[in-house]
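In case you want the letters, here they are:
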Number of protein chains: 2
Amino acid sequence: MKTSIATVCLSGSLEEKLRASAAAGFDGVEIFEPDFVASPLSPELVAELARDLGLTLDLYQPFRDFEGVAQGRLRQNLRRAEAKFELMNRLDIDTMLLCSNVGTAVSADDALAVDQLRQLGDLAALHGVRVAYEALAWGRFVSDYEHAARIVRAVDHPAVGHCLDSFHILSRGWDPAAIETIPADKIFFVQMADAPRLTMDLLSWSRHHRVFPGEGAFDLADFMGHLLRSGYDGPVSLEIFNDTFRRTDPHRTALDAMRSLEWLQELASQSLDREGREGVRMAVAPLPDMPPPLGFNFVEVRADENQRERVRTTLYQLGFDDAGTHHSKPVELWSQGGARVIINSGDATAGAPAVAALGFDVADPELAASRAATLLAPAVPRERGAGDEVLLGVRAPDSSEVFFGRVGSGGVPAWVAEFSAGTSASADALVTRVDHVNLAQSWEYFDAAVLFCTSVLALDPQPSLDVAAPTGLVRSQVMSTPDCVVRLVLNLAPAESVETAVRAQHVAFASNDAVATARRARERGLGFLPIGDNYYDDLDARFDLEPAFLDELRELQLMYDRDDRGEFLHFYTESLGSVFFEIVERRGGYAGYGAANAPVRLAAQHDRRLLAGAS
Amino acid sequence: MKTSIATVCLSGSLEEKLRASAAAGFDGVEIFEPDFVASPLSPELVAELARDLGLTLDLYQPFRDFEGVAQGRLRQNLRRAEAKFELMNRLDIDTMLLCSNVGTAVSADDALAVDQLRQLGDLAALHGVRVAYEALAWGRFVSDYEHAARIVRAVDHPAVGHCLDSFHILSRGWDPAAIETIPADKIFFVQMADAPRLTMDLLSWSRHHRVFPGEGAFDLADFMGHLLRSGYDGPVSLEIFNDTFRRTDPHRTALDAMRSLEWLQELASQSLDREGREGVRMAVAPLPDMPPPLGFNFVEVRADENQRERVRTTLYQLGFDDAGTHHSKPVELWSQGGARVIINSGDATAGAPAVAALGFDVADPELAASRAATLLAPAVPRERGAGDEVLLGVRAPDSSEVFFGRVGSGGVPAWVAEFSAGTSASADALVTRVDHVNLAQSWEYFDAAVLFCTSVLALDPQPSLDVAAPTGLVRSQVMSTPDCVVRLVLNLAPAESVETAVRAQHVAFASNDAVATARRARERGLGFLPIGDNYYDDLDARFDLEPAFLDELRELQLMYDRDDRGEFLHFYTESLGSVFFEIVERRGGYAGYGAANAPVRLAAQHDRRLLAGAS
């Protein structure tokens, strides 16, 4: 599969965009006209730069409002097209994207468009170039790719074919199956874009909210399947209009873009494999297949020596046992049931406690790491002594580390034996495992984090929601395995938020008895996040709880939620630096996270901050 | 008019919200339930705090999904309502907002809703409170206030009336005229919200994009007129769900909120005055009426002594004459035609040049300043010597200063005589006046800046557009007088943008001959912002210009645009600190700003930055 990317996906000058695309490994780029027009580089210098960078220039785009116009305007349009064809010759680009007319078309009669496109084809052929016609989702008379296909068939000109853009097809809900009916040699170009499901006008949705494949809600694997079955073997390009990507480091964005194409290709290959269609397999190295992780292997909290004691104390209060120190590294293990927390105080500059790494149980760590490398995730080297278990790690977009570990016998990883006390088997373990981990993400790399979870970790996005904090809305995106054994919650805090709470990470441990866990923690002196009476009065109004149960919740500062499938009890510790802990108990089939309680928690953390006089 | 504001408009804890509302001068507040539930303050303490702050608590909101439900659920709903009524007694709030059912209603038959609302009314009356029923724009069976009015009429209960929310009425395009048919004593509460015209689902539009009156596109003066003619004299409250307001300083937001109500009240009063309906005039001090400004009086650029010379040189190159220094202040005047630039080097800490103040010609400066004060704009004291002209100034949301000056004889303000050389009357003045000024605005206060222009300066918003810079989209909002003599362009740069160009201010001077102005500037050594050949080739493709004219544009680095009404020629100077200058020539009726050229300009500035190695 030949990979390409439109310059409009990236920030910077044209030259910066070309360099970032080449550095990320793209085969080619589409030149977005405004990027070229604003560039100080002549067409010849742009072509030379691309050649030097090993990039092909695959498409000049877009040309607008050509067909279906009045005769006088056609003359102007042909003149304009000729100027662009001459420019394309200087740029060494052989294909021009032509969008279906949104403004100047005067007739719904295809015959006029067909005639004028044939004239354009003749002119293009004279210049040795070709025109890829695309049905814009909001085109005036042509908005459906099957309609465009009828027109292109009628034009019947070797220099006039198609550009297919997944956004324009899937945003309108058109069935992409008919792509297979288009002759492969008439598909001149393909653009892939994903998008979240939004209810807004198509133009705004398209111009501001496209994302890379794997970051949105479109079924692009299905789309790719139709494309490959059509026999198409040209460039698969990304054309992503996204307000955030326009602002962030083009090198990082280009790497995310390439990752999304790798992932997309895997999905399409799998779908074709299932059909036994080896013949149309894409001509690239396959991505190692990986089933979703089987559980959390560990959570690593980094804290310097001054802060370490607070973490230890809190874990003890939550019922964790000290499983001793590592035989060669300045890390210690605390465990309870299947939950393992490593406290790493090896970095004197670590400062306040923070989640530094997550370990995941996988069947084959080498395979998972190899897959991550193919997906361009940078490897994290980890020191190890002779005989130590190998943990293979990569860096996530938020700079935290992700390790793949093997599930040991009895569910205990072999590396636990590297710690002096080994795993605990306390009879009074109430915590059974890590339920979920919340990770705050910066606005720059939120979509990249979603793609990392989708592609590298094989987690699926769940519907996202907004949570109101006293200092802004926090977008909360759950990524989970189908069986919900691994759940990550990605929180997009408001940009420039100064409030620690909305940028905090937290680790939620599953308990089979939140009440008992809370009682024990209280006896051991845990600092609970205080929850006010108003909350409990409201709980009573909403849920009509048994008075004794409500009293118990109130006494223990437990929070409560209920849905059609079950109940949820949970409580929070005070913040330790930028991390805090939560204990959750799921009764019945409750599958949520107490979203209704999150604003109360955030307000309580806000109040604590005010009390502490911190900023 | 009694003013009120919903706590959901403001950031912070409930206590912070109450304090900010009181400080801004509101009479009362609506308590948004989640703010109360999350508060550590008991109902009694909240009531006491409000009393101490001189605030009434006007509404408890919202209560949801009550009416039209199955019998079993009605029992639960009544129990829930009773708990809230008891709470309202403790809070000393007598009105509850009830939204039309969006989730649990089972019947479209009004009779069921009427019966259940009557039961709710009985319960409310028992507790001495009342229920204000509101048709949510996306209510399941009731989404139109006239439908709600039929239901309330049928309920016929003294404790059941209306809440009218301008968003829910105007977003659906309902005609607000029928408000006048609702008995005034049945309108229990009124919420005013403005919003930009967006095409998206109602819920997202309502929850994220509401703005204060005067910041959006709704005709709220008309809405208020209907309300006042109905005889309503209760609270007029603001309920603005806005992602930005949730994040910014609640004290500033509350002041903007109050300004919006002052402005709204003026518009409504004017509309009633025109009808001669003195009787329903609102019981507040009227806002001094002010016609739009008549022109730019001056532009003040602040620069320390080291940077002053660059500004002088650039102005000289653009054809300005040195009109001398002020007799008592460290400021100097440069003028050309009707354009006056003051260079202020009185602040040694000023640093790089920046637009510090704008002066506007008005018929009555005292009136304009008095109006601004009523609209809560902070006054700017300005030193003056004996006999100096009085300039009355206020501070805009972006911290720049705005002065109101009298038009002098021959269009020259009297204060010009305070400068040693006085005004110039060069025969070769090509610049005639200030055409427009572009002011970068931070994301926090963009909406506030729009309201400031609308209310304090009597400018009207024009349609906004997005301009693509290499480092992000810039939203550009023109505010102008109806005759376009005064035009301000508010630019909302991407948050956290590090690129100076997108945060820069610029002053555009109108010339009656841009070509001659450019030639003279070139002779005088002006550093033009360089524009590349690709731009001129594209101009040619788009506009089919006369070759000699195109050559002249290219030679002089002039930019060009054309619309149905005329032509536009313009060029830019290099940036001086955070300000640069533009010369524009409007031929015929061209009314735009060369928006198509803005990305080229921004890219050129981006390239200059890269060349300079600046950040």
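Here the structure is a predicted model, which means the values were calculated and not measured. (Residues numbered from 1 in each chain as written. Chains lettered and ligands numbered in written order. Predicted model: local features only at pLDDT ≥ 70, side-chain atom pairs only at ≥ 80, totals over all residues. Heavy atoms only, no water.)

**Details of the pairing of strand E7 (residues 187-192) of chain A**
Residue and element names in this part refer to chain A.
Here is step 1 of the chain: With six of six residues buried, E7 lies mostly within the body of the structure.
Here is step 2 of the chain: As defined by bridge partners, strand E6 (residues 160-165) adjoins E7 across four bridges and the pair is classed as parallel. Residue pairing in the sheet places Cys163 in a bridge with Phe189 of E7.
Here is step 3 of the chain: Sheet topology places E7 next to strand E8 (residues 235-238); three bridges connect them, and they run parallel. Bridged to Met192 within E8 is Leu238. (Buried < 20%, exposed > 50% of the residue type's maximum accessible area, 1.4 Å probe, protein only. Helix = DSSP H or I, 4+ residues; strand = E, 2+ residues; numbered from the N terminus. Pairing = 2+ DSSP bridges.)

**Digging into the interface of chain A and chain B**
Here is step 1 of the chain: Each partner contributes residues to the interface: chain A has 49 residues there, and chain B has 49 residues.
Here is step 2 of the chain: For the pair chain A and chain B, the summed buried area comes to about 3700 Å², and 52% of that belongs to carbon and sulfur atoms.
Here is step 3 of the chain: Between chain A and chain B we count six salt bridges in total.
Here is step 4 of the chain: Across the salt bridge formed by B:Asp540 and A:Arg79, the nearest N and O atoms sit 3.3 Å from each other.
Here is step 5 of the chain: Summed over the shared surface of chain A and chain B, the number is 22 residue pairs in polar contact (both at pLDDT 80 or more).
Here is step 6 of the chain: Every element with two or more residues in the side of chain A that touches chain B is listed here: helix H2 (33-37), helix H4 (71-91), strand E19 (465-469), strand E20 (472-480), helix H16 (533-543) and helix H18 (598-612) of chain A.
Here is step 7 of the chain: Sorting elements by how many residues they give to the side of chain A that touches chain B places H16(A) first, with seven residues.
Here is step 8 of the chain: When its residues are assigned to classes, the side of chain A that touches chain B shows 20 nonpolar, 11 polar and 18 charged. (Contact = heavy atoms within 4.5 Å. Buried area = accessible area lost by both parts, 1.4 Å probe. Salt bridge = Lys/Arg side-chain N within 4 Å of Asp/Glu carboxyl O. Polar contact = N/O pair within 3.5 Å; in protein donor to acceptor, adjacent residues only side chain to side chain. Nonpolar A, V, L, I, M, F, W, Y, C, P; charged D, E, K, R; others polar.)

**Some remarks on the sheet that holds strand E10 (residues 321-325) of chain A**
All names here are of chain A.
Here is step 1 of the chain: Strand order across the open sheet formed by eight strands is E10-E11-E12-E9-E13-E16-E15-E14, with mixed pairing between neighbours. Edge positions in the open sheet fall to E10 and strand E14 (379-380), since each of these has one partner strand only.
Here is step 2 of the chain: Note: strand E13 (residues 354-362) against strand E16 (residues 401-406), six bridges, orientation parallel. Paired with Ala357 across the strands is Glu401, a residue of E16.
Here is step 3 of the chain: Against the sheet, helix H12 (residues 365-374) contacts E13, strand E15 (392-395) and E16, and its axis sits at roughly 150 degrees relative to E16. (Axes fitted to C-alpha atoms, helices over the stretch in contact; angles between N-to-C directions.)

**Quick word on the relation of the copies chain A and chain B**
Here is step 1 of the chain: Note on the copies: chain A fits chain B at an RMSD of 0.0 Å, the axial shift is 0.0 Å, and the rotation between them is 180 degrees. In short, the pair behaves as if placed about a two-fold rotation axis. The position closest to the rotation axis in chain A is occupied by the C-alpha of A:Met200, lying 1.8 Å away. (Least-squares fit on C-alpha atoms with pLDDT ≥ 70 in both.)

**Quick notes on the packing of aromatic side chains**
Here is step 1 of the chain: Tallying each qualifying case throughout the model produces 38 aromatic pairs over all chains.
Here is step 2 of the chain: Taken together, a centroid distance of 5.0 Å and an interplanar angle of 80 degrees make the contact between A:Tyr535 and A:Tyr536 edge-to-face. Comparing A:Tyr535 with A:Tyr536 shows no difference in burial state: the two are buried.
Here is step 3 of the chain: Ring geometry for A:Tyr572 and A:Phe580: centres 5.8 Å apart, planes at 65 degrees, overall edge-to-face.
Here is step 4 of the chain: Given the relative accessible area of 4%, A:Tyr572 is considered buried.
Here is step 5 of the chain: Members of the aromatic cluster, each reached through a chain of ring pairs, are A:Phe298, A:Phe403, A:Trp415 and A:Phe419.
Here is step 6 of the chain: Of note, A:Arg252 hangs over the ring of A:Tyr445, and the distance from its end group to the ring centre comes to 3.4 Å.
Here is step 7 of the chain: Between the NZ or CZ atom of B:Arg247 and the centre of the ring of B:Trp443, over which it lies, the distance is 4.0 Å. (Phe/Tyr/Trp six-rings, centres within 6.5 Å; stacked < 30°, edge-to-face > 60°. Lys NZ or Arg CZ within 6 Å of the ring centre and 35° of its normal.)

**So, the domain arrangement of chain A**
Residues and elements named next belong to chain A.
Here is step 1 of the chain: As assigned here, chain A comprises domain 1 (2-277) and domain 2 (295-612).
Here is step 2 of the chain: One C-alpha centre belongs to domain 1, the other to domain 2; they are set 43 Å apart.
Here is step 3 of the chain: Contacts between the two partners involve 19 residues from domain 1, matched on the other side by 16 residues from domain 2.
Here is step 4 of the chain: Note on domain 1 versus domain 2: buried area summed over both sides is about 1600 Å², and carbon and sulfur give 59% of it.
Here is step 5 of the chain: Three residues, Glu215, Arg252 and Arg259, lead the burial of domain 1 against domain 2; their summed loss comes to 39% of the area buried on that side.
Here is step 6 of the chain: Viewed at the interface, domain 2 and domain 1 are joined by one salt bridge.
Here is step 7 of the chain: Put simply, Arg371 and Glu266 hold a salt bridge, and the shortest N to O gap is 2.5 Å. (Domains from an automatic or database assignment.)

**Focus on the pattern of salt bridges**
Here is step 1 of the chain: Taken as a whole, this structure holds 59 salt bridges over all chains when the rule is applied.
Here is step 2 of the chain: Taking the shortest distance from any N to any O, the salt bridge between A:Asp435 and A:Arg586 comes out at 2.8 Å. Here the residue A:Asp435 occupies a position in strand E17 (residues 431-441), and A:Arg586 occupies one in strand E25 (residues 579-588), the gap between them amounting to 151 residues.
Here is step 3 of the chain: Residue class for A:Asp435 comes out buried when judged on its relative accessible area of 0%.
Here is step 4 of the chain: Notably, a salt bridge pairs B:Arg19 with B:Glu15, separated by 3.1 Å at the nearest N-O pair. Residue B:Arg19 and its partner B:Glu15 are located together in helix H1 (residues 14-23), separated by four residues, close to a single helical turn.
Here is step 5 of the chain: Because the salt bridges share partners, they merge into one network encompassing A:Glu33, A:Lys84, B:Asp538 and B:Arg542.

**What about the UniProt feature "domain: Xylose isomerase-like TIM barrel" (unreviewed entry) in chain A?**
Here is step 1 of the chain: If you check UniProt for "domain: Xylose isomerase-like TIM barrel" (unreviewed entry), the listed places come out as residues 19-260 of chain A in our numbering.
Here is step 2 of the chain: The annotated region residues 19-260 of chain A carries 43% helix and 16% strand content, and the separation between its end C-alpha atoms amounts to 19 Å. (UniProt positions renumbered as here; feature names shortened; annotations may be inferred.)

**A word on the state of the cysteines**
Each disulfide consists of a covalent bond between the sulfur atoms of two cysteine residues.
Here is step 1 of the chain: For the coordinates displayed, the defined rule picks out zero disulfides over all chains.
Here is step 2 of the chain: Residue A:Cys453 stays outside any disulfide, its sulfur separated by 14 Å from that of A:Cys484, the closest cysteine. (Disulfide = S-S within 2.5 Å.)

**Here we look at the UniProt feature "binding site: Mg(2+)" (unreviewed entry) in chain A**
Residues and elements named next belong to chain A.
Here is step 1 of the chain: UniProt's feature table lists "binding site: Mg(2+)" (unreviewed entry) at His436, His506 and Glu582, given in the numbering used throughout. A maximum C-alpha distance of 9.5 Å among these annotated residues, which run over 147 residues, shows that they cluster at one spot.
Here is step 2 of the chain: The contact partners of His506, leaving out residues within four places of it in the chain, are His436, Val437, Asn438, Tyr572, Val579, Phe580, Glu582 and Arg601.
Here is step 3 of the chain: With respect to the helices and strands, the residue Glu582 is situated in strand E25.
Here is step 4 of the chain: Its relative accessible area of 2% is what places Glu582 among the buried residues.
Here is step 5 of the chain: What Glu582 contacts, discounting residues up to four positions off in sequence, is His436, His506, Val507, Ala508, Phe509, Phe568, His570, Phe571 and Tyr572.

**Remarks on the sheet that holds strand E6 (residues 160-165) of chain B**
All names here are of chain B.
Here is step 1 of the chain: An order of E1-E2-E3-E4-E5-E6-E7-E8 is seen for the eight strands of this closed barrel, with the pairing classed as parallel. Each strand of the sheet is rotated relative to its neighbour by a mean of 30 degrees, with strand direction disregarded.
Here is step 2 of the chain: On the sheet, helix H5 (residues 110-126) packs against strand E4 (95-99), strand E5 (130-134) and E6 and is oriented at approximately 145 degrees with respect to E5.
Here is step 3 of the chain: Packed on one face of the sheet, helix H9 (residues 220-229) meets E6, strand E7 (187-192) and strand E8 (235-238) and runs near 170 degrees to E7.

**A short note on the environment of B:Val485**
Here is step 1 of the chain: Counting through the fold element by element, B:Val485 comes out in the loop between strand E20 (472-480) and strand E21 (487-492).
Here is step 2 of the chain: Along the primary structure B:Val485 and B:Ser271 are separated by 214 residues, whereas in three dimensions their C-alpha atoms are 25 Å apart.

**Observations concerning the side chain of A:Ser206**
All names here are of chain A.
Here is step 1 of the chain: By the element assignment, Ser206 lies in helix H8 (residues 202-208).
Here is step 2 of the chain: One polar contact links Ser206 to Arg210, side chain to side chain, over a distance of 3.2 Å.
Here is step 3 of the chain: Setting aside residues no more than four positions away along its own chain, Ser206 makes contact with Trp138, Phe167, His168 and Phe241.

**A closer look at the environment of A:Ala521**
Residue and element names in this part refer to chain A.
Here is step 1 of the chain: Here Ala521 is to be found in helix H15 (residues 514-523).
Here is step 2 of the chain: For the pair Ala521 and Leu556, spaced 35 residues apart in sequence, the C-alpha separation works out to 9.9 Å.
Here is step 3 of the chain: If we skip the residues at most four places from it in the chain, Ala521 touches Gln317, Leu526 and Phe528.

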